[in-house]
Each structure stands twice: as structure tokens, then as C-alpha cells.
Amino acid sequence: MTIVYWQVDVWITVFLVLIIFVNIFGTLGYAEEEFWSSCLKLGAIVVFMIIALVLRVLWYNPGAFRYGFKGFCSVFVTAAFSFSGTELVCLAAAESKNPARSLPGAVKQVFWRITLFYIVGLTFVGLLLRSDDNRLLGSGGLIDVKASPFVLIALDAGLHGYDSFMNVIILVSVLSIGVSGVYGASRTLTALAEQGYAPKFFTYVDRSGRPLMSVLLIIIFGLLAYVNLDASGEIVFAWLQALSGLAALFTWGSICLAHIRFRNAWKFHGHTLDEIPFKAVGGVYGSWLGLSLVILVLIAQGANRIQLFVAITPPKGGINDAEGFFQTYLALPVVLFFWVCGFLWKRAGWLRTEQIDVDSGRREIDWEHIHAERERLAAMPAWRRLLNIIF
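Residues numbered from 1 in each chain as written. Predicted model: local features only at pLDDT ≥ 70, side-chain atom pairs only at ≥ 80, totals over all residues. Heavy atoms only, no water.

## Observations regarding the overall build of the protein chain
- In terms of regular secondary structure, the protein chain is built from 16 helices and zero strands.
- Every one of the 391 residues in the protein chain was classed for burial, and the buried ones make up 33%.
- Restricting to contacts in the protein chain with at least 6 residues of sequence separation, those with at least 24 account for 73%. (Helix = DSSP H or I, 4+ residues; strand = E, 2+ residues; numbered from the N terminus. Buried < 20%, exposed > 50% of the residue type's maximum accessible area, 1.4 Å probe, protein only. Contact = heavy atoms within 4.5 Å.)

Following this line, the structure appears as C-alpha cells:
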């Protein structure tokens, strides 16, 4: 959709080749690509924020929370799709040499990136662009070559060339998303195969630590990008986005639930928190909060049998047909289908706390380094310890 801005179709192949090239280098390639693309994206967002400060504010018309609560809920699918992927930092940590050293800083950076660059950046977008602008994505047809709000703001401000600059940044982001998708999906598929939920040949990992068979399968799915050369490509894109958007909520809900149950099992088997090299700042309470918010979002999006807010009654009024409902809530039947398949295949359902094994497969931990780091932090003044927790 972004590349059509310059009337070029061959770039689908170019991007697919780039994604394959980066994944050839495994975790190293993923880490390097993420580092440099993140530097470029963060720099661009900083530039955008500076420009946004001096531009005209249009918040008063048509105002915030258009269409009320249903309008607010209707953006959850797109928002969840955009925010998904932050959990990949944990997958990368599993392949790092010393996750106890690298994971704390990485997790804190992800939090502040979301807070400062996602939240603040999108607040500026809301202040500078009308929500009923006919050029926005989905207001006319699904695809508009100038639909990015960052591009529209540049055009309205008369910043010649800045719109193309932001499109370049968007393309870098697209490449980053593709690389992350292949990295995360291939590792997840390999883990499923190791647990018996997928064919055993997906467990193959080469000497460099790359799950080649899993990477190959995910790359094959990348060929779906070529449907955009057909007139119905935008319809396929809408369904895929609907699937991935709510799937991200199910993923994060399961992560929060897994953390809660892990901590319960950890305590049940006689372990203490001192044996955990890195602990989440919010602890179990943070996971309960996250799980509760995910459930509330799913209810607001369409799960509540009493009032199916967005899935049945769209923000602009009327009643959704079957296609509209499933395009909003497609992930639910898909997730349930795979859960039922897994249950029938393994004949294993919900594990009781005493059945959860928290010891098998644990890797060696560099406790000497961890204890030295903890002693160094304990010797710091209170204000410095607080900054270390936050940053």
C-alpha cells in the first residue's frame, strides 16, 4: 500500500528477498536489523514530534471519542495489531548468551519506546488530523496511496519532500515487521514441534541456531503478499489484519496468564523469588492487570453475549452482517479451533499447579554476575536505585 505511492509493484519481491536475507543470519541478523531500523524510526518520530509542536491544532473539530464508546472500541483491532511484536524481546533473550544481563535493559527500552514514541506520537496525530478526514485509510476505499496520517500531516503543512521521507520510514518499519514476523513465528513453530504439537521435522535447528524448516514454511506464507497484485488484494488484507489484530490480544492474555500460573507453581514447588534472575516490575499484579484489560477489550470488541458492541453494532450505526461480524472477531473461532485440535492430539488439557514442571530444561545462569550486579545496585543511593528500576 505504501509502495503504490511511487507506482512500483515489483517491490513485493524485493521486500520478500530482504526478509529472507536477514533471516539467513538468524538471531544476529534479526538483532542488527532491529537495532538500525529502530534508530532510524525513533529519529524520524523525534523529528515528527518537533514539527508537530509548531503545527496548527485541530482537536476541537470533530473532537475526541467520535461515535462514543463504540467508536473507541472499534479501534482496538488495529491498535492491537500495531502494538503486537513487543513480546519478541523474550524470544530473542532465549537465544542470547546471557539473558540475565541483556533482558532487563531491553524490556525497559521497549516500555519507554511504546510510552514516548507510540503514545505521544499518536497523540500528536490526533491533535493535527481530523478523524473524519476523507483521505484516511478506510474512509473511501480500503487503500489510499496517501492514507498514512504522518504523510497527510506533512502534505497539509506544505512540507514538500517530508511526505516521501515519512513513506521511506514506513517502508523500513514494514521490513522490520516482516523480519520480526518470520523470526517470532519460526521460533514459536519450533517450540510447538518440540512439545509434540507440530511435525517433528520442524524441531531441526542447524549449528548456527537457526530453525531452518520453520523459517522456510513461514517464508512460503510470505508469498501471500502477491495477492495485492489482484483487485481483491485489499479484501484479503482486511481479513488478515482482522485475524492478527485480535490474535495479538489472545497472545498477550495467554502470556499474562502463563506468568501468573508460573509464579504460583514456582512457589508451590518451594522456590523463592531470589532464584529468578529477572522479575517483572509489576510482578504478578501487573499480569493480573494485563489479563483483566485484555478480557475487557475482548468483551467490548464483541465477546459479551449481552451487548456485542462493535462486532454486531458498528460505530456508525446499524447491524453488521455475518461478514462484518467475523471480520471484526475472526481470531476467536480460529484460536478455539487450534486449541481443540491440540487437545484432541495430545489429550492434555488444563494442568493443575502441582503438575506444572518449573525445573526441567532450565539453562545455566551466571549467578556470580547477577549477585555482583545486585550488590552494586544495593550500594547505590535510593534515587539512583529508583532510576534503575524505571530505566
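Past the structure itself, the notes keep going.
## Focus on helix H14 (residues 331-346)
- Here H14 contains 16 residues, and its C-alpha end-to-end distance of 22 Å stays within 8% of the 22 Å for a straight helix at 1.5 Å per residue.
- Taken from the residues just after H14, Arg347 is the one with a positive phi, measuring 55 degrees. (Expected span 1.5 Å × (residues − 1).)

## Re the environment of Val284
- Within the secondary structure, Val284 is located in helix H11 (residues 283-303).
- Once residues lying within four places of it in the same chain are set aside, the contact partners of Val284 are His259, Ile260 and Arg263.

## Description of the pattern of salt bridges
- Per the counting criterion, the structure on display carries one salt bridge.
- The closest approach of N and O atoms between Arg210 and Asp206, which form a salt bridge, is 2.8 Å.
- Classification of Asp206 as buried rests on a relative accessible area of 13%. (Salt bridge = Lys/Arg side-chain N within 4 Å of Asp/Glu carboxyl O.)

## Observations concerning the nonpolar core
- The biggest cluster of nonpolar side chains holds 19 residues, and the ones touching the most others in it are Phe48, Phe150, Ile153 and Tyr162.
- For this core, the elements supplying multiple residues, two or more each, are helix H2 (26-53), helix H6 (99-128), helix H7 (149-156) and helix H8 (162-194).
- When neighbours within four sequence positions are excluded, Ile153 is seen to be in contact with Phe48, Leu55, Val125, Leu128 and Leu129.
- Counting residues in each nonpolar core, the second largest holds 13 residues, with Ile19, Leu171, Val179 and Tyr183 among its members. (Core = buried A, V, L, I, M, F, W, Y, C linked by side-chain atoms within 4.5 Å.)

## A closer look at the layout of surface pockets
- Taken as a whole, the second largest pocket spans an internal volume of roughly 680 Å³.
- Surrounding the second largest pocket, 20 residues form its lining, Pro104, Lys108, Phe278, Leu377 and Asn388 being those nearest its centre.
- Of all elements in the fold, only H6, helix H15 (367-378) and helix H16 (382-390) reach the threshold of two or more residues within the lining of the second largest pocket.
- When we break the lining of the second largest pocket down by domain, the ones giving at least three residues each are domain 1 (1-229) and domain 2 (235-358 + 367-390). (1 Å grid on protein atoms, 1.4 Å probe; cavity = no way out; pocket = protein on both sides within 12 Å on 5 of 7 lines; lining within 4 Å. Points joined across faces, edges and corners; volume = space filled by probe spheres on them. Domains from an automatic or database assignment.)

## With respect to the confidence of the model for the protein chain
- Overall, the prediction assigns the protein chain a mean pLDDT of 78, with 82% of residues at 70 or greater.
- Per-residue pLDDT, averaged within each element of the protein chain, yields its smallest value for helix H12 (residues 309-312) (50) and its largest for helix H9 (residues 212-221) (92).
- For residues 303-309, every residue scores under 50 in pLDDT, and the model assigns this stretch 12 contacts once sequence neighbours within four places are set aside. (pLDDT = per-residue confidence, 0-100.)

## Points about the packing of H8 against H9
- Orientation of H8 relative to H9, taken along the N-to-C sense of each, is 130 degrees, at an axis distance of 8 Å. The orientation of H8 relative to H9 falls into the category oblique. The way H8 lies across H9 gives a crossing that is right-handed. Contact residues: Gly181, Val182, Ala185, Ser186, Arg187, Leu189 and Thr190 in H8; Ser214, Val215, Leu217, Ile218 and Ile219 in H9.
- Class assignment for the residues of the contact of H8 with H9 results in seven nonpolar, four polar and one charged. (Axes fitted to C-alpha atoms, helices over the stretch in contact; angles between N-to-C directions. Parallel < 35°, antiparallel > 145°, perpendicular 65-115°, else oblique. Left-handed = near helix turned anticlockwise from the far one by under 90°. Nonpolar A, V, L, I, M, F, W, Y, C, P; charged D, E, K, R; others polar.)

## Here's the deal with the packing of aromatic side chains
- The final tally for this structure, using the stated rule, is nine aromatic pairs.
- Between Tyr30 and Tyr183 the ring centres are 4.2 Å apart and the planes differ by 10 degrees, which places this aromatic pair in the stacked class. A residue pair is termed long-range when its members are at least 10 positions apart, and Tyr30 in helix H2 and Tyr183 in helix H8 qualify at 153 residues.
- Ring geometry for Phe337 and Phe338: centres 5.5 Å apart, planes at 70 degrees, overall edge-to-face. The exposure classification of Phe337 matches that of Phe338, with both residues exposed.
- Lying over the aromatic face of Tyr197, Lys346 brings its terminal NZ or CZ to 5.5 Å of the ring centre. (Phe/Tyr/Trp six-rings, centres within 6.5 Å; stacked < 30°, edge-to-face > 60°. Lys NZ or Arg CZ within 6 Å of the ring centre and 35° of its normal.)

## What about the side chain of Thr190?
- Here Thr190 is to be found in helix H8.
- Within the local environment of Thr190, its side chain forms a polar contact with the backbone oxygen of Ser186, the two atoms lying 3.0 Å apart.
- A distance of 3.4 Å separates a polar atom in the side chain of Thr190 from the backbone oxygen of Phe202.
- Once residues within four sequence positions are removed from consideration, Thr190 is found in contact with Phe202, Thr203, Val205, Pro211 and Ser214. (Polar contact = N/O pair within 3.5 Å; in protein donor to acceptor, adjacent residues only side chain to side chain.)

## Some thoughts on the packing of H7 against H8
- Where H7 meets H8, the closest approach of the two axes is 8 Å, and the angle between their N-to-C directions is 170 degrees. If you check the angle between H7 and H8, you find them roughly antiparallel. Across from Phe150, Val151, Ala154 and Leu155 in H7, the residues of H8 making contact are Tyr162, Asp163, Met166, Asn167 and Ile170.

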